[in-house]
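# Examination of the molecular architecture
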Amino acid sequence: MALLQISEPGLSTAPHEHRLAVGIDLGTTNSLVATVRNGIGVVLNDSNGRALLPSVVRYFADGGVQVGETAQAMQSEDPSNTIVSVKRFMGRGLNDVGDISGTPYRFVDAPSPIATSRGSGQAPGMVQLRTAAGVKSPVEVSSEILKVLRARAGEALGGELVGAVITVPAYFDDAQRQATKDAARLAGINVLRLLNEPTAAAIAYGLDNAVEGVYAVYDLGGGTFDISILKLSKGVFEVLATNGNSALGGDDFDHRIYCWLLEKNGLSALGASDTRRLLTRARAAKEELTEHDETRVTAILQSGEAIESVLSQQDFHAMSQNLVERTLQPVRRALRDAGLSVADIKGVVMVGGATRMPQVQRAVAEFFHQTPLTNLDPDKVVALGAAIQANVLAGNRSSDDWLLLDVIPLSLGIETMGGLAEKIIPRNSTIPTARAQDFTTFKDGQTAMSVHVVQGEREMVSDCRSLARFELRGIPPMVAGAARIRITFQVDADGLLNVSAREQGSGTEAHITVKPSYGLSDDEIARMLQESSRHAQGDMQARALREQQVEANQLLDAVQNALDLDGAALLDEAGQARIRAGMDGLRAVLQTGDIHAVKRAITQLNDATVAFAQARMDKSVSRALGGRKLTDLEV
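Residues numbered from 1 in each chain as written. Predicted model: local features only at pLDDT ≥ 70, side-chain atom pairs only at ≥ 80, totals over all residues. Heavy atoms only, no water.

Turning to the sheet that holds strand S24 (residues 448-455), a few remarks are in order. Pairing is antiparallel in the open sheet, where 4 strands are placed in the order S21-S20-S24-S25. At either margin of the open sheet sits one strand with a lone partner, and together these are strand S21 (420-425) and strand S25 (465-473). Each strand axis lies, on average, 30 degrees off the axis of its neighbour in the sheet, ignoring direction. Across 5 bridges, strand S20 (residues 412-416) lies against S21 in antiparallel orientation. Note that in S21 the partner of Gly 413 across the bridge is Lys 423. (Pairing = 2+ DSSP bridges. Helix = DSSP H or I, 4+ residues; strand = E, 2+ residues; numbered from the N terminus. Axes fitted to C-alpha atoms, helices over the stretch in contact; angles between N-to-C directions.)

Spatially, the 4 strands line up as an open sheet ordered S23-S26-S27-S28, and their pairing is antiparallel. What marks the edges here is a single partner per strand, and that holds for strand S23 (433-439) and strand S28 (509-513). Averaged over all adjacent pairs, the angle separating strand axes in this sheet is 15 degrees, with direction ignored. Bridge analysis of strand S27 (residues 497-503) against S28 gives 5 bridges, and the strand direction is antiparallel. Its bridge partner lying in S28, Asn 498 is registered against Thr 513.

Right, let's get into the pattern of salt bridges. Counted by the stated rule, this structure contains 22 salt bridges. Put simply, Asp 251, Asp 254, Arg 283 and Lys 286 are held in one network by salt bridges that share partners. (Salt bridge = Lys/Arg side-chain N within 4 Å of Asp/Glu carboxyl O.)

Here we take up the confidence of the model for the protein chain. The pLDDT averaged across the protein chain works out to 83; a share of 86% of its residues lies at or above 70. For the protein chain, helix H12 (residues 522-534) is the element with the lowest average pLDDT, namely 55, and helix H10 (residues 358-368) is the one with the highest, namely 96. Under a pLDDT of 50 for its full length, residues 1-13 has, in the predicted model, 19 contacts with residues more than four places off or in other chains. Per-residue pLDDT stays below 50 along residues 114-123; that stretch engages in 17 contacts with residues further than four places along the chain or on separate chains. (pLDDT = per-residue confidence, 0-100. Contact = heavy atoms within 4.5 Å.)

We now examine the packing of aromatic side chains. According to the stated counting rule, one finds 6 aromatic pairs in the structure shown. Measuring from ring centre to ring centre gives 6.1 Å for Phe 89 and Tyr 105, while their planes differ by 85 degrees; the resulting arrangement is edge-to-face. Of this pair, Phe 89 sits in the loop between strand S7 (82-84) and helix H2 (94-97) while Tyr 105 sits in the loop between H2 and strand S8 (107-115), and the two are 16 residues apart along the sequence. With relative accessibility at 8%, the residue Tyr 105 sits in the buried group. (Phe/Tyr/Trp six-rings, centres within 6.5 Å; stacked < 30°, edge-to-face > 60°. Buried < 20%, exposed > 50% of the residue type's maximum accessible area, 1.4 Å probe, protein only.)

Over its 18 residues, helix H9 (residues 321-338) runs 27 Å from end to end, which matches the ideal 26 Å to within 8%, given 1.5 Å per residue. Leu 323, Val 324, Thr 327, Leu 328, Pro 330, Val 331, Ala 334 and Leu 335 are the residues of H9 that are buried. In a view along the axis of H9, the buried residues occupy a sector of 160 degrees, so they form one face of it. Those residues of H9 that are exposed and angled more than 90 degrees off the buried face are Gln 321 and Arg 336. Just downstream of H9, Gly 339 is the residue with a positive phi angle, here 70 degrees. (Expected span 1.5 Å × (residues − 1). Arc of directions from axis to C-beta.)

Turning our attention to the environment of Leu 157. Looking at the secondary structure, you find Leu 157 in helix H3 (residues 138-157). According to the relative accessible area criterion, Leu 157 is buried, its value standing at 18%. Separated by 135 residues in the primary sequence, Leu 157 and Val 22 place their C-alpha atoms 9.8 Å from one another.

Turning our attention to the side chain of Gln 176. Note on placement: Gln 176 falls in helix H4 (residues 174-186). Non-local contacts of Gln 176, meaning those with residues more than four positions away in its chain, are made with Met 90, Gly 91, Arg 92, Tyr 171 and Ser 246.

So this is what it looks like as structure tokens:
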């Protein structure tokens, strides 16, 4: 069965036309973009051949922004203005963030721009971060990452994008999904669909391997964990159940190593710069232990104190054991919701960079009694699946006919008397979906009803997430219990919600497109878009200048190091003077703000060092070959 596409007259894709669409994996640690070329999903690389874009954004007082590797390199030197793992803050209030004592950020608990119906009070808003460029919401930070990916896609594909499928953790709630969609809108991206990350991985894996049966997708990323149980049969991808934890990921494993370093070295609370420096070393140690039995962790704190500790793989596994176990609890719940046992699972697809950890692979293998499937790159498989879905939604013909049936991760309902949560759409319902339920009045003569929309699995409203409130007015006065008020929930393919209330007798009706209290108002989005448009040219110029300045500083450091090592031995005084003159010229124009002058100075310094570089290469080759016979070098 094919995914049915319906278009307005004259707007369908011509047989020879291929519309450009991409899949974007907006990740906690890294992000990437992919597309379909000649029927095959491919990841788009940057100009340096790198597929992964570090999800790191750095802000400057002049409004400049760095994204990716250049920002990542400065996370220890400028931690308060360099935002990492922003995905964890999407759609979240300050109370959701948890313990912030170990973070270098300056949080702002802003009120929601969306007023509630209860007096003049406002619901808590999405947490924001104070930077050198002003207060920034996680939506704005994420949009900077998406802008870079959009630009990469435009350069690689050379045409206008129809839109993108953007992946989200399966266990993202309505507020987090809406925040992701707002970020894409702010980045100028038309969102064709929000797609659950495990589902995207299953699409890529299933179509690539032509598999059928029931599969589990175990997705452990930098900041979130998801488990989805899918049934693949004759081109139909049916999600049977999903579960997870939107606040559990590779960052938590890094934090365990960070705490171990503090304890091992007798340290207490550290400053923002030292905290970020140790967290960065912790992540590197985690990655090193994937391939080695032990690793040495070293760092120099701002006080000058040196830290040097050896961490074994065995110790790391012990300190992170309960984190791994916490991922298996949602797995058990997902299997129970799907009505399946471990024996029913044909294969386990591993997704996310954190699944490379040996203790994770071993725990999953022991739980499912089989070796996990890792033949697709866990960092790229989600983006590839999203690209395949985007290609279909754009109206392009596909060699594979398939149908996707996804589910909603958390139950949706309303508050009833006594603060109880009445579920209208239960979790793991296939989307898009619509369900209705009848309610009645509580008091005689009641002419209005307040509808409080909530999301979650708990029985009490206080334990669930509040999404929206609205009122149905104009109910004919009747005795209590006589009115019939039908509440209808509609969830679209992105997992976003519309709610309506109708009094059946009189036809009085009210409805709301749910904008979560942790989302952004339309006015705020409009303001951000206007600012983005107004400052677009200046922002591009500032960013280009900043990138050239970073390149210049790197070149200056490299040349200075080379001179210190080999300048006296390989150059005469005139040669050294020429290079130093080039370095002085570059330093002089660095702060002028003239990007063309900086580029010229970089070129001139490169030209001045050509002979020196060749001499250093000759010296290295001579040292490597010294005293050896030609026969010694034969393969």
